[in-house]
Amino acid sequence: MTDTDVQTRQREIATEHLLFKLIEYVEARHPGLLDYLEDSLDHLGDPARDTTKDDDGVRAIAQRMIAGARRETTGG
């Protein structure tokens, strides 16, 4: 694994953490954000133009992130 790969992974982990915390914060103060995000998933897609393109895979990851945020905000 190259230094660039490691930095990319670390940036992804940090970004995901901060995004989750932002979502939790906003949802706690303005309920409905998670529903809004979930309703937007039909418009989410993978921009790849090769055989790695996987719109459903991208949506599944987003759905799992929303489900995780719901668990955190509801304490479940």
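A. Representation of the overall build of the chain within the structure. Counting secondary structure elements, the chain contains three helices and zero strands. Each helix (α) and strand (β) of the chain, taken in turn from the N terminus, gives the series α-α-α. Computed over its C-alpha atoms, the radius of gyration of the chain comes to 15 Å, more than 25% above the 11 Å expected for a compact globule of 76 residues. Taking the principal axes of its C-alpha atoms as reference, the chain extends roughly 40 × 30 × 20 Å. The buried share of the chain, taken over its 76 residues, is 14%. Across the chain, contacts joining residues at least 24 apart in sequence account for 48% of those joining residues at least 6 apart.

B. Quick look at helix α1 (residues 3-29). Its 27 residues give α1 an end-to-end C-alpha distance of 39 Å, which sits within 8% of 39 Å, the value for a rise of 1.5 Å per residue. By the burial criterion, the buried members of α1 are Phe20, Ile23, Glu24 and Glu27. Its buried side turned inward, α1 meets α2 (33-39) and α3 (55-74).

C. How the structure looks around the pattern of salt bridges. Scanning the entire structure with this criterion turns up five salt bridges. Among the salt bridges present, the one from Lys53 reaches Asp55, with a minimum N-O distance of 3.3 Å. Given a relative accessible area of 41%, Lys53 falls into the partly exposed group. Asp55 gets classed as partly exposed once you look at its relative accessible area, which sits at 25%. Of the charged contacts, one joins Asp56 and Arg59 as a salt bridge, the two residues approaching to 3.3 Å between their closest N and O atoms. Here Asp56 pairs with Arg59, and both are found in helix α3, just three residues apart, close to one helical turn. Taking the relative accessible area as the measure of exposure, Asp56 reaches 58% and is therefore exposed.

Quick notes on the rules
- Every chain is numbered independently, its residues counted from 1 as its sequence is written.
- For a predicted model such as this one, the threshold for reporting local features is a pLDDT of at least 70, and the threshold for listing and counting side-chain atom pairs is 80 or more; totals across whole chains, interfaces and linings nevertheless cover every residue.
- By convention in this description, side-chain values take in all heavy atoms of the structure and omit both hydrogens and water.
- Strands here mean DSSP runs of E at least two residues long; helices mean DSSP runs of H or I at least four residues long; both are numbered from the N terminus.
- For this measure, only C-alpha atoms enter the radius of gyration; the expected value for a globule follows 2.2 Å times N^0.38, where N is the number of residues.
- Each residue gets one of three labels from its accessible area relative to the maximum for its type: buried under 20%, exposed over 50%, partly exposed in between, using a 1.4 Å probe on protein chains only.
- Working rule for contacts: check all heavy atoms of both residues, and any pair within 4.5 Å makes them a contact.
- Here a helix's expected span is defined as the number of its residues, less one, multiplied by 1.5 Å.
- Between Lys or Arg on one side and Asp or Glu on the other, a salt bridge is scored when a side-chain nitrogen of the former is within 4 Å of a carboxyl oxygen of the latter.

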